Amino acid sequence: MEIRHTSTEDIDRVMAVFEQAKRFMRLNGNFRQWTGGYPSREILEADISQESSFVCIDDDGAIVGTFCFRYGVEPEPTYRTIYNGAWLNDKPYGVIHRIASSGKVGGVFATCLAFCGEFVDNIRIDTHRDNRVMQELLGRHGFSRCGIIYLVNGDERIAFQKEISR
């Protein structure tokens, strides 16, 4: 699997991956995350313009996954305060948002994590309380549950962090 920056030509295919991920969430009991048109085309376009959107490409050239990865920029505003826990450390970190798979191939998360680990020693991510599949995936990949954060709109998320040893 190859990872590259998302281009504007990829937008429709990435939006289709988001829709597939939403269907998967609903089938697995997660009815409250990614609602109300989120993630929107405008959010994806902003990620592309900030060069923080990436796609995972399979051997046939198809987009099978997508994610937003930010590092080396301002710390994530919603991660400044964490409740009912603490971050593993205060070192610089990268953050993964909006990770989604088409469901056509396995290993999208592992490939994403390996890619992000090339740039940072710490990765933070958050997910909805109802997203049990993601919580299990994070645990299998060595993430520690650190506490609760709140999004700008007040929605609660469970926060995770992984320290990458080199």
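Residues numbered from 1 in each chain as written. Predicted model: local features only at pLDDT ≥ 70, side-chain atom pairs only at ≥ 80, totals over all residues. Heavy atoms only, no water.

1. A word on the overall build of the protein
And then number 1: Check the secondary structure of the protein and you find four helices and seven strands.
And then number 2: Sequence-ordered secondary structure for the protein, helices as α and strands as β, is β-α-α-β-β-β-α-β-α-β-β.
And then number 3: Computed over the C-alpha atoms, the radius of gyration of the protein is 15 Å, within 12% of the 15 Å expected from 2.2 N^0.38 for a compact globule of 166 residues.
And then number 4: Taking the principal axes of the C-alpha coordinates as reference, the protein spans close to 40 × 35 × 30 Å.
And then number 5: When burial is assessed residue by residue, the protein has 49% of its 166 residues classed as buried.
And then number 6: When contacts within the protein are restricted to residue pairs at least 6 apart in sequence, those whose partners lie at least 24 apart make up 67%.
And then number 7: In the structure as shown, the protein presents an accessible area of about 8800 Å², 49% of it carried by carbon and sulfur atoms.
And then number 8: Computed over 20 positive and 23 negative side-chain charges, the separation of the two mean positions in the protein equals 6 Å. (Helix = DSSP H or I, 4+ residues; strand = E, 2+ residues; numbered from the N terminus. Rg over C-alpha atoms; globule rule 2.2 N^0.38 Å. Buried < 20%, exposed > 50% of the residue type's maximum accessible area, 1.4 Å probe, protein only. Contact = heavy atoms within 4.5 Å. Areas by Shrake-Rupley, 256 points an atom, 1.4 Å probe, with all protein chains shown as cover. Lys, Arg positive; Asp, Glu negative; His and termini not counted. Charge placed at Lys NZ, Arg CZ, Asp CG, Glu CD.)

2. A few points about the pairing of strand S3 (residues 63-70)
And then number 1: Counting buried positions along S3 gives seven out of eight residues, so the element sits mostly inside the fold.
And then number 2: For strand S2 (residues 53-57) and S3, the ladder comprises five bridges, and the chain directions are antiparallel. Among the inter-strand pairings, Val55 is bridged to a residue of S3, identified as Thr66.
And then number 3: In textbook terms, the turn of a hairpin is the stretch between consecutive antiparallel strands, and for S2 and S3 this stretch comprises five residues, one of which, Gly61, has a positive phi near 85°.
And then number 4: In terms of strand pairing, S3 meets strand S4 (residues 94-101) through five bridges, oriented antiparallel. Opposite Arg70, over in S4, you have Val95 as the bridge partner. (Pairing = 2+ DSSP bridges.)

3. With respect to the sheet that holds S3
And then number 1: If you trace the seven strands from one edge of the open sheet to the other, you get S1-S2-S3-S4-S5-S7-S6, paired in mixed fashion. Each having just a single partner strand, strand S1 (2-5) and strand S6 (144-150) make up the two edges of the open sheet. The sheet shows a mean angle of 30° between the axes of neighbouring strands, taken without regard to direction.
And then number 2: Bridge analysis of S6 against strand S7 (residues 156-163) gives six bridges, and the strand direction is antiparallel. Among the inter-strand pairings, Arg145 is bridged to a residue of S7, identified as Phe160.
And then number 3: Across the sheet, helix H4 (residues 132-140) lies against S4, strand S5 (122-127), S6 and S7, angled at about 160° from S5, the strand it touches most. (Axes fitted to C-alpha atoms, helices over the stretch in contact; angles between N-to-C directions.)

4. Focus on helix H3 (residues 108-117)
And then number 1: In terms of residue burial, H3 counts as a mostly covered element, since seven of its ten residues are buried.
And then number 2: Listed in full, the buried residues belonging to H3 are Val108, Phe109, Cys112, Leu113, Phe115, Cys116 and Gly117.

5. Looking at the packing of aromatic side chains
And then number 1: Counted under the stated rule, the structure contains 13 aromatic pairs.
And then number 2: Each ring, one from Phe67 and one from Phe115, has its centre 6.1 Å from the other, and the planes form 65°; the classification is edge-to-face. A residue pair is termed long-range when its members are at least 10 positions apart, and Phe67 in strand S3 and Phe115 in helix H3 qualify at 48 residues.
And then number 3: Their ring planes at 45° and their centres at 5.0 Å tell us that Tyr79 and Trp87 sit as a pair that is tilted. The exposure classification of Tyr79 matches that of Trp87, with both residues buried.
And then number 4: It is Arg124 that lies over the ring of Tyr93; its NZ or CZ is 4.0 Å from the centre. (Phe/Tyr/Trp six-rings, centres within 6.5 Å; stacked < 30°, edge-to-face > 60°. Lys NZ or Arg CZ within 6 Å of the ring centre and 35° of its normal.)

Don't take any of this as a statement about function, it's just geometry.
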